[in-house]
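# Results of the structural survey
Spelled out from the first residue to the last, the chains are:
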Amino acid sequence: MNSAVKRIGVLTSGGDAPGMNAAIRAVVRTAIAFGIECVGIRRGYAGLIAGDMFPMTAKDVNGLTERGGTILYTARSKEFMTEAGQKRAADNCRYMGIDGLVTIGGDGTFRGAEALSKHGVSVVGIPATIDNDIACTTYTIGYDTACNTAIESIDKLRDTMKSHERCSVIEVMGRNAGHLALYVGIAAGATSVLIPEKEINLEKDIVDKIRKARLRGRTHFTIIVAEGAGSAQSVAEEVKNLTGIDTRVTVLGHVQRGGQPLVRDRVIATRMGYHAVEVLAAGQTNRIVTYHNDKCDDVDIDEGLAMHKGIEEEVYAILDAIMTGA
């Protein structure tokens with residue numbers, strides 16, 4: 001096919017997410033199929049500034065779909081946050097003959113792509129973050145795998161909580177968004193879920209639910225706290241003081257970012273990678289790949305970054321009803 005670009009670069013930036021490697025693989029192999037050269041850029045925008053690049057072939061991405069993390073590494077760059085750093089990165093693109101750039105990451109990654117676009121670089125962003133907090137898409141790469149990783153850990157914790165008749169307060173990731181905590185809470189059958197999008201009333205949202213569950217004969221309890229909703233340690237101390245129940249805190253942390261990506265993340269990452277190359281080949285720029293109703297599309301970066309993504313109120317209502325009736 002006739003392509004508007006002859007050589008594209010691909011990088012990953014910000015926090016890693018399961019499925020990033022599958023997206024890289026799709027970008028490289030789709031580019032080759034379209035007759036486009038592909039260049040891998042190590043360590044995100046820091047690597048773009050430093051010129052840390054190498055040509056990528058189909059062989060370089062063999063066996064990537066099942067690997068977590070990112071083979072291109074990821075880093076944050078203070079220099080890139082400056083006008084001089086952005087200009088240097090754009091100049092390096094031109095020097096290396098890169099006339100299209102695929103950036104894989106979250107909103108910070110897209111703001112970086114937006115800056116490069118203003119310096120004349122054609123850019124397309126692929127949303128990859130376990131937080132699922134990119135407003136212009138219903139799904140971001142890594143979310144499903146992170147949810148399942150959290151559930152696996154919580155299921156194991158539940159065994160010991162039952163044995164000791166304890167309350168387990170578990171902090172999950174998500175930055176300032178509660179999507180991960182909300183879905184994990186439903187899947188784990190949590191007693192209570194605290195998310196930053198909802199005002200927290202400790203007595204109503206936790207203690208009352210525990211008391212009612214105890215009256216029905218329940219002897220162990222699980223509270224999920226999104227990292228942006230407050231301190232899991234403080235919640236645990238308050239619960240113990242108000243109920244007298246032996247309480248333990250577990251912070252799942254970065255384990256949620258690791259591991260083999262599940263099928264959904266592998267497939268969606270592949271579809272998004274393919275679509276990103278299609279967009280660049282068609283001569284479009286300043287776009288974010290989106291996923292809605294089982295279909296990939298794209299939206300202007302400026303428009304996408306201006307959107308706000310709230311939680312799914314219907315899902316929250318379901319969670320609240322299930323917890324109340326637990």
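Before reading further, recall that the structure is shown in the block above.
So, about the packing of aromatic side chains. The way to describe two aromatic rings as a pair is by their centre distance and the angle between their planes. By the definition in use, this model includes 4 aromatic pairs. For the pair Tyr139 and Tyr143, a centre-to-centre distance of 6.0 Å together with 70° between the ring planes defines the contact as edge-to-face. Here the two residues Tyr139 and Tyr143 agree in accessibility, since each one is buried. Where Tyr143 meets Tyr183, the ring centres are 5.9 Å apart and the plane angle is 70°; that geometry is what we call edge-to-face. Of this pair, Tyr143 sits in helix α5 (residues 143-164) while Tyr183 sits in helix α6 (residues 179-188); the two residues are 40 residues apart in sequence, bridging distant segments of the chain. On the basis of relative accessibility, which here comes to 5%, the residue Tyr143 falls in the buried class. The structure contains a cluster of three or more aromatic residues connected by ring pairs, namely Tyr139, Tyr143 and Tyr183.

With that out of the way, let us pick up the layout of surface pockets. Its boundaries defined by the atoms lining it, the largest pocket holds a volume of some 640 Å³. Lining the largest pocket we find 30 residues, and of these Gly14, Arg76, Asp107, Gly108 and Thr109 sit closest to its centre. No other element matches the 6 residues that helix α4 (residues 107-118) contributes to the lining of the largest pocket. Of the residues contributing to the lining of the largest pocket, the split by class is 9 nonpolar, 11 polar and 10 charged. Here the second largest pocket is characterised by a volume of approximately 290 Å³. If you go around the second largest pocket, you meet 18 residues; those closest to its centre are Asp107, Asp133, Met307, His308 and Lys309. If you list the elements that add at least two residues to the lining of the second largest pocket, you get α4 and α10 (301-306).

A word on the sheet that holds strand β5 (residues 123-127). Taken in spatial order, the 7 strands line up as β3-β2-β1-β4-β5-β10-β11 in an open sheet, and their pairing is mixed. In this open sheet, the two edge strands, each paired with only one partner strand, are β3 (53-55) and β11 (295-300). Each strand axis lies, on average, 25° off the axis of its neighbour in the sheet, ignoring direction. Its contacts with the sheet place α4 against β4 (100-105), β5 and β10 (287-292), and it is angled at close to 160° to β4.

Bringing the packing of helix α7 (residues 202-215) against helix α8 (residues 232-243) into the picture now. The description of two packed helices rests on the angle between their axes and on the distance between the axes. Interhelical geometry of α7 versus α8 gives an angle of 50° and a closest axis separation of 11 Å. Taken as axis vectors, α7 and α8 run oblique relative to one another. When the axes of α7 and α8 are compared, the crossing they make is right-handed. Residues Leu202, Glu203, Ile206, Val207, Ile210, Arg211 and Arg214 of α7 touch α8, and the partners they reach there are Val235, Glu238, Val239, Leu242 and Thr243.

Right, let's get into the pattern of salt bridges. For the coordinates displayed, the defined rule picks out 21 salt bridges. Measuring nitrogen to oxygen at the nearest pair gives 2.6 Å for the salt bridge that ties Arg248 to Asp246. For Arg248, a relative accessible area of 35% corresponds to the partly exposed category. Across the pair Arg287 and Asp298 runs a salt bridge whose closest N-O atoms are separated by 2.8 Å. Residue Arg287 is found in strand β10, and its partner Asp298 is found in strand β11; the two are separated by 11 residues along the sequence. Here the salt bridges share partners, and the residues they tie into one network are Asp107, Asp131, Asp133 and Arg175.

Thresholds applied
- Within each chain, residues carry numbers counting from 1 in the order of the written sequence.
- Selection of residues for local features in this predicted model requires a pLDDT of at least 70, selection of side-chain atom pairs for listing and counting requires 80 or more, and totals for whole chains, interfaces and linings are taken over all residues.
- Side-chain figures throughout are based on the complete set of non-hydrogen atoms in the structure, without hydrogens or water.
- By convention, a stacked pair of Phe, Tyr or Trp rings (six-membered ring in the case of Trp) has centres within 6.5 Å and planes under 30 degrees apart, an edge-to-face pair has planes over 60 apart, and any other such pair is tilted.
- Residue exposure (1.4 Å probe, protein chains only): buried if accessible area is under 20% of the type maximum, exposed if over 50%, otherwise partly exposed.
- Only DSSP runs of H or I reaching four residues or more are called helices, and only runs of E reaching two or more are called strands; each is numbered from the N terminus.
- The definitions used throughout rest on a 1 Å grid laid over the protein atoms alone, on which a cavity is an enclosed set of points accommodating a 1.4 Å probe that cannot get out and a pocket is an open set flanked by protein within 12 Å on both sides along at least five of seven lines; lining residues are those having an atom within 4 Å of a point.
- Grid points are joined across faces, edges and corners, and a volume is the space filled by probe spheres set on the points.
- Here the term charged refers only to Asp, Glu, Lys and Arg, the term nonpolar to Ala, Val, Leu, Ile, Met, Phe, Trp, Tyr, Cys and Pro, and the term polar to all other amino acids, Gly among them.
- Being paired, for any two strands, means DSSP has found at least two bridges between them.
- In this description, a line fitted to the C-alpha atoms serves as the axis of each element, helices being fitted only across the stretch in contact, and the angle between N-to-C directions of two axes falls anywhere from 0 to 180 degrees.
- In what follows, residue pairs with any heavy atoms lying within 4.5 Å of each other are defined as contacts.
- An angle below 35 degrees is read as roughly parallel, one above 145 as roughly antiparallel, one from 65 to 115 as roughly perpendicular, and any other as oblique.
- Here is the rule for handedness: rotate from the far helix to the near one, and if that takes an anticlockwise turn smaller than a right angle the crossing is left-handed, while a clockwise turn gives right-handed.
- One side-chain nitrogen of Lys or Arg within 4 Å of one carboxyl oxygen of Asp or Glu is enough to make a salt bridge.

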